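Now for the letters of each chain:
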Amino acid sequence: MPSPKRKTLLVLLLGILGLAVLAAAYDWYRGRYQRTVLFDATDLRLPPGLEGPGPIRLVHFHDPACPCNVGNQQHLAELVERYAPLGVTFHAVQRPGSRGGLPPALAVLQPLAALPGSEGLPASPALAIWDRQGRLAYFGPYSEGATCTSANSFVEPVLDALLKGRPVRAGGTLTEGCFCAWR
């Protein structure tokens, strides 16, 4: 039977090893997913049939394999619940060549095969919002930081302003957060 000093030393060494593993995992995550991204909407357009005057349109860009979607999907479901009854339409573009799809809670998003200009998208998750006249009002991330909630979101203020008839022009955004490469 090991002595109490040996047990204490063993527990201490296991604790240090556990902290080292956690630090290495966090460092890997930051290196792979935590990045600064410039979202530029220069070439982004609505596809035929959606362009021009109509409802406010929100297009969600996603890669089913991206772990950054986990926190984003609950926020997106809350946006649909809040803004769809107000006439905002919700659409989705999936990263070309990716497999999978949206969770059942987001099945109401209308899939789009492609969006002109989306091939140049730098990262996902991201979104674009067009106003009632069909002009791009916002393009970029849902929020800044590692998680996405209504508390740190860029989306609600844009949608609220557009619903009140106020113009919004935020076509390019530089932000840091959890993103996966699109290209």
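All values derive from a computational prediction rather than experimental measurement.

Draft legend 1. Structural detail: the overall build of the protein chain. Helix and strand counts for the protein chain come out as three helices and nine strands. Listed N to C, the secondary structure of the protein chain is α-β-β-α-β-β-β-β-β-α-β-β in terms of helices and strands. Taken over 183 residues, the protein chain has a buried fraction of 40%. Intrachain contacts of the protein chain at a sequence separation of at least 6 include 78% that bridge at least 24 residues.

Draft legend 2. The nonpolar core, seen in detail. Counting 22 residues, the largest nonpolar core has L58, L76, L79, F90, I129, V155 and L159 as its most contacted members. Where this core is concerned, the elements lending two or more residues are α2 (69-83), β3 (89-94), β6 (126-130), β7 (136-140) and α3 (155-163). V37, L46, F61 and W182 belong to the second-largest nonpolar core, a separate cluster that totals 20 residues.

Draft legend 3. Structural detail: the state of the cysteines. Overall, the coordinates contain two disulfides when judged by the stated rule. Shown here is the disulfide that connects C68 with C178, its sulfur atoms set 2.0 Å apart. The sign of the -75 degrees torsion about the S-S bond sets the C68-C178 disulfide as left-handed. Of the two residues, C68 is situated in the loop between β2 (57-62) and α2 and C178 in strand β8 (residues 172-178); the sequence distance between them amounts to 110 residues.

Draft legend 4. Representation of the environment of V80 within the structure. Relative to the helices and strands, V80 resides in helix α2. When the C-alpha atoms of V80 and A105 are compared, they prove to be 9.8 Å apart, with 25 residues separating the residues in sequence. Those residues within four positions of V80 in sequence are excluded, and the remaining contacts are P85, F90, V108 and L109.

Draft legend 5. Inspection of a nonpolar patch on the surface at higher detail. A cluster of nonpolar side chains, contributed by L9, L12, L13 and I16, occupies part of the molecular surface with about 400 Å² of accessible area. With respect to the secondary-structure elements, L9 resides in helix α1 (residues 4-32).

Draft legend 6. The arrangement of the side chain of S124 in detail. On the secondary structure map, S124 appears in strand β5 (residues 123-124). A residue is classified by how much of its surface remains accessible, and S124, at 0% relative accessible area, is buried. S124 has contacts with F61, H62, D63, C66, F179, C180 and W182, leaving out every residue within four places of it along the chain.

Draft legend 7. Seen up close, the packing of aromatic side chains. Scanning the model with the defined rule gives four aromatic pairs in all. Geometrically, the ring pair formed by F39 and F139 is edge-to-face, given 5.8 Å between the ring centres and 85 degrees between the ring planes. In this pair, F39 sits in strand β1 (residues 34-40) while F139 sits in strand β7, placing the two residues 100 residues apart along the sequence. Classification of F139 by relative accessible area gives buried; the value is 2%. A centroid spacing of 6.0 Å and a plane angle of 90 degrees characterise the contact between F61 and W182, whose relative ring orientation is edge-to-face.

Draft legend 8. Main features of α3. By the burial criterion, the buried members of α3 are V155, E156, V158, L159, A161 and L162. Structurally, α3 contributes buried residues whose contacts are with β2, α2, β6 and β7. Within two residues after α3, G165 carries a phi angle of roughly 85 degrees, on the positive side.

Draft legend 9. Main features of the environment of R57. Relative to the elements of secondary structure, R57 occurs in strand β2. Residues R57 and G134, spaced 77 residues apart in sequence, show a C-alpha to C-alpha distance of 8.3 Å. Looking at R57, its side chain comes within polar contact range of the main-chain oxygen of G52, at 2.9 Å. Looking at R57, its side chain comes within polar contact range of the main-chain oxygen of D131, at 2.9 Å.

Procedures and definitions
Residues numbered from 1 in each chain as written. Predicted model: local features only at pLDDT ≥ 70, side-chain atom pairs only at ≥ 80, totals over all residues. Heavy atoms only, no water. Helix = DSSP H or I, 4+ residues; strand = E, 2+ residues; numbered from the N terminus. Buried < 20%, exposed > 50% of the residue type's maximum accessible area, 1.4 Å probe, protein only. Contact = heavy atoms within 4.5 Å. Core = buried A, V, L, I, M, F, W, Y, C linked by side-chain atoms within 4.5 Å. Disulfide = S-S within 2.5 Å. Patch = residues over 30% accessible without salt bridge, like charges linked within 9 Å, V, L, I, M, F, W, Y side chains within 5 Å. Areas by Shrake-Rupley, 256 points an atom, 1.4 Å probe, with all protein chains shown as cover. Salt bridge = Lys/Arg side-chain N within 4 Å of Asp/Glu carboxyl O. Phe/Tyr/Trp six-rings, centres within 6.5 Å; stacked < 30°, edge-to-face > 60°. Polar contact = N/O pair within 3.5 Å; in protein donor to acceptor, adjacent residues only side chain to side chain.

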